[in-house]
Amino acid sequence: MNAPLYKFGAFGDETSLVVAFVIGIGFGWFLERAGFGNARKLMAQFYLTDMAVFKVMFSAVVTAMLGTTYLAWAGWLDLSLVYYVPTYWITAIVGGLLMGVGFVIGGYCPGTSVASMATGRIDGLVYVGGFAAGTVGFAVGYPIFKDLLTMGNLGVLTLPEVTGVPWGIVAFGVVLMAIGGFIGATWVERWMAAKADATSSAD
Amino acid sequence: MYGWLCKLGINRALALLAFLLGAGAIFAQVYPDRTISVHEAELLTASARAEDHVPPAELAGWIVEGRADYRLIDLRDGTAFADYHLPTAENVPLTDIAEYGLLRNEKIVVYADGDLPAAQAWLLLRGRGYQGVYTLQGGLDAWKDQVLFPMMPQSPSPEEQARFEEAAHVAELFGGQPRAAASGGDAQLVDMSALQASTPTVAAPSLPAAGGGKSRRGPREGC
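For clarity, every value in this text was computed on a predicted model and none was experimentally measured.

### What about the interface of chain A and chain B?
Phase 1: On the chain B side, the residues contacting the 26 residues of chain A number 24 residues.
Phase 2: Between chain A and chain B lies a buried interface of about 2200 Å² when both sides are counted; carbon and sulfur atoms form 68% of it.
Phase 3: When the buried surface of chain A facing chain B is broken down by residue, A:Lys7, A:Trp73 and A:Phe172 rank first, second and third, together holding 23% of it.
Phase 4: At the boundary of chain A and chain B, one finds 0 salt bridges.

### Focus on the packing of aromatic side chains
Phase 1: For the coordinates displayed, the defined rule picks out 14 aromatic pairs over all chains.
Phase 2: Between A:Phe46 and A:Phe103 the ring centres are 5.1 Å apart and the planes differ by 80°, which places this aromatic pair in the edge-to-face class. Taken together, the positions of A:Phe46 in helix H2 (residues 39-46) and A:Phe103 in helix H4 (residues 89-106) put the pair 57 residues apart, joining distant regions of the chain.
Phase 3: Judged by centre distance (5.2 Å) and plane angle (80°), the ring pair of B:Trp143 and B:Phe174 falls under edge-to-face. Taken together, the positions of B:Trp143 in helix H7 (residues 139-148) and B:Phe174 in the loop between helix H8 (158-173) and helix H9 (192-203) put the pair 31 residues apart, joining distant regions of the chain. This pair shows no difference in class: B:Trp143 is buried, exactly as B:Phe174 is.
Phase 4: Three or more aromatic residues joined by ring pairs make a cluster, and in this case those are A:Phe54, A:Phe58 and A:Phe182.
Phase 5: The ring of B:Trp62 is capped by B:Arg67, whose NZ or CZ atom sits 4.5 Å from the centre of that ring.

### Some remarks on the confidence of the model for chain A
Phase 1: The pLDDT averaged across chain A works out to 89; a share of 99% of its residues lies at or above 70.
Phase 2: Summarising per-element confidence for chain A, the mean pLDDT is lowest in strand S2 (residues 153-155) of chain A (86) and highest in helix H6 (residues 122-140) of chain A (94).

### As for unusual backbone geometry
Phase 1: Backbone geometry at A:Leu48 places phi at a positive 65°, although glycine is not the residue there.
Phase 2: Tracing the chain through its elements places A:Leu48 in the loop between H2 and helix H3 (52-73).
Phase 3: The exposure class assigned to A:Leu48 is partly exposed, which follows from its relative accessible area of 36%.
Phase 4: In this structure, B:Thr88 is a non-glycine residue whose phi angle is positive, near 75°.

### Concerning the layout of surface pockets
Phase 1: When its volume is computed, the second largest pocket comes out at roughly 1300 Å³.
Phase 2: Counting only elements with at least two residues in the lining of the second largest pocket, the list comes to helix H1 (13-33), H3, helix H5 (110-118) and helix H9 (167-202) of chain A together with helix H2 (10-25) of chain B.
Phase 3: In terms of residue count, the dominant contributor to the lining of the second largest pocket is H3(A) (9 residues).
Phase 4: Here the lining of the second largest pocket is composed, by residue class, of 21 nonpolar, 7 polar and 4 charged.

### Things to note about the nonpolar core
Residues and elements named next belong to chain B.
Phase 1: Grouped together as the largest cluster of nonpolar side chains are 20 residues, with contacts concentrated most on Leu59, Ile63, Leu72, Leu86 and Trp143.
Phase 2: Broken down by secondary-structure element, the contributors of at least two residues to this core are helix H4 (56-65), strand S2 (70-74), strand S4 (107-111) and H7.
Phase 3: Within the second largest apolar cluster, 16 residues are counted, among which are Ile73, Ala112, Ala121 and Tyr130.

### Here's the deal with H4(B)
All names here are of chain B.
Phase 1: For H4, the set of buried residues is Pro56, Leu59, Ala60, Trp62 and Ile63. Burial along H4 is one-sided: seen end-on, the buried residues are contained in an arc of 160°. Of the residues in H4, the exposed ones pointing more than 90 degrees away from the buried face are Ala57 and Glu65.
Phase 2: If you follow the buried residues of H4, they end up packed against strand S1 (53-54), S2, S4, strand S5 (132-136), H7 and H8.
Phase 3: At the exit of H4 stands Gly66, carrying a positive phi of roughly 75°.

### Notes on the pattern of salt bridges
Residue and element names in this part refer to chain B.
Phase 1: Tallying each qualifying case throughout the model produces 10 salt bridges over all chains.
Phase 2: In this structure, Arg67 and Asp69 form a salt bridge, with 3.1 Å as the shortest nitrogen-oxygen distance.
Phase 3: Residue class for Arg67 comes out partly exposed when judged on its relative accessible area of 28%.
Phase 4: Through salt bridges that share partners, Arg71, Glu90 and Glu106 make up one connected network.

### Quick look at the environment of B:Ala180
All names here are of chain B.
Phase 1: Relative to the helices and strands, Ala180 resides in the loop between H8 and H9.
Phase 2: It is 9.6 Å that separates the C-alpha atoms of Ala180 and Phe149, two residues lying 31 residues apart in sequence.
Phase 3: When neighbours within four sequence positions are excluded, Ala180 is seen to be in contact with Met151 and Met152.

### Notes on the environment of A:Leu176
Residues and elements named next belong to chain A.
Phase 1: Among the structural elements, Leu176 can be located in helix H9.
Phase 2: When its relative accessible area of 41% is taken as the criterion, Leu176 is described as partly exposed.
Phase 3: Sequence-wise, Leu176 and Val62 are 114 residues apart; in three dimensions their C-alpha atoms are separated by 9.9 Å.

### What about the pairing of S4(B)?
Residue and element names in this part refer to chain B.
Phase 1: Burial runs high along S4: 4 of the 5 residues are buried.
Phase 2: Two strands pair when backbone bridges link them, and S2 and S4 are joined in this way by 5 bridges, in the parallel orientation. Looking across to S4, one finds that Ile73 is bridged to Val110.
Phase 3: Sheet topology places S4 next to S5; 4 bridges connect them, and they run parallel. By the bridge assignment for S5, Val109 is matched with Tyr134.
Phase 4: Each parallel crossover has a hand, and for S4 linked through helix H6 (residues 116-127) to S5 it is right-handed.

What counts and what doesn't
- Residues numbered from 1 in each chain as written.
- Chains lettered and ligands numbered in written order.
- Predicted model: local features only at pLDDT ≥ 70, side-chain atom pairs only at ≥ 80, totals over all residues.
- Heavy atoms only, no water.
- Contact = heavy atoms within 4.5 Å.
- Buried area = accessible area lost by both parts, 1.4 Å probe.
- Salt bridge = Lys/Arg side-chain N within 4 Å of Asp/Glu carboxyl O.
- Phe/Tyr/Trp six-rings, centres within 6.5 Å; stacked < 30°, edge-to-face > 60°.
- Helix = DSSP H or I, 4+ residues; strand = E, 2+ residues; numbered from the N terminus.
- Buried < 20%, exposed > 50% of the residue type's maximum accessible area, 1.4 Å probe, protein only.
- Lys NZ or Arg CZ within 6 Å of the ring centre and 35° of its normal.
- pLDDT = per-residue confidence, 0-100.
- 1 Å grid on protein atoms, 1.4 Å probe; cavity = no way out; pocket = protein on both sides within 12 Å on 5 of 7 lines; lining within 4 Å.
- Points joined across faces, edges and corners; volume = space filled by probe spheres on them.
- Nonpolar A, V, L, I, M, F, W, Y, C, P; charged D, E, K, R; others polar.
- Core = buried A, V, L, I, M, F, W, Y, C linked by side-chain atoms within 4.5 Å.
- Arc of directions from axis to C-beta.
- Pairing = 2+ DSSP bridges.
- Right-handed = clockwise from strand over helix to strand, strands pointing away.

Set out below in structure tokens:
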């Protein structure tokens with residue numbers, strides 16, 4: 001059995017929807033487990049009082065990267081068949097800013113809002129309604145946005161190709177970055193907590 | 001060791017694990033070498049059961065029926081393709097076939113003028129894990145002989161007569177012409193450029209357009 005499973009014909013179009021559903025449920029479950037069904041937990045990231053979002057997301061990156069690397073090394077995953085999203089840098093900056101503004105205003109990102117709605121939170125439900133309306137609005141206004149979608153096309157970029165550094169060394173570098181990031185994040189949390197204590201005791 | 005790990009705590013232990021795996025990853029060879037391998041018994045079985053090729057008459061039937069459960073790939077160069085190609089065929093030179101975006105669970109029929117390029121494509125695709133690859137038996141040469149210009153057998157039995165009439169009908173659908181047995185057999189010169197003019201008229205309404213296979217690709221990828 002080789003991966004990518006879909007491209008090697010392990011299942012067809014219909015089954016792929018079932019697979020996506022199961023993976024989606026799992027993703028939502030882990031988001032909720034990490035506390036990301038709660039907008040307060042997510043917002044704490046922006047005020048640096050709780051770095052859980054950073055830690056969980058970076059852990060996911062490292063886990064997926066190491067898994068991919070070892071599967072490819074074992075010959076079970078053909079990386080040349082994995083779909084890479086091309087880089088449209090202008091589109092990415094505009095979309096990233098919109099996404100960030102929406103995140104801060106609404107308290108969720110699309111995935112966490114669905115997890116939040118599933119646990120019965122009203123704010124999650126409102127957020128999902130908002131992004132559903134936004135999706136429809138985007139589809140209706142597609143002719144207007146069409147050109148923006150492909151601005152600053154740089155094609156498919158990967159760190160090993162751009163930097164010329166071998167895959168494995170980039171992977172190790174990302175792991176070191178993550179561990180450094182976790183240590184730094186914990187330090188920031190302690191520092192913010194100490195600051196909060198000082199402020200409250202001064203009152 | 002165990003006590004030490006317990007004292008470390010789950011977070012630090014996981015970080016240590018990631019560090020060790022990351023250090024190991026430095027030596028990873030993630031891009032496989034491009035050698036293809038085909039299982040011997042698999043190849044021989046496919047050959048023995050004639051599961052590796054499609055006879056021209058059968059393919060003609062598929063095209064006439066408008067079947068859309070397979071991709072028809074013309075391996076010749078663009079000039080030859082423009083000159084004449086089978087209805088519904090997509091032009092993919094042999095050198096580009098691995099990157100063309102065919103799916104491994106698709107039924108793929110490859111052809112060229114003769115058998116050899118198609119057989120090479122068959123081996124290449126099978127070696128890369130494509131399951132349903134077939135060659136057009138005898139290539140375009142056989143297609144011309146058997147489908148476009150079928151030969152009336154000498155002193156045919158009623159059964160042969162019926163079969164020939166059916167073949168003659170199919171030949172006319174593809175813009176070909178049945179040949180009588182007495183007309184000098186293979187010596188008859190086949191004028192492919194004249195054929196090209198007549199092909200679209202028969203191919204147009206009932207047959208799917210060439211390259212129509214693109215719409216049958218899998219769902220769009222990405223987020």
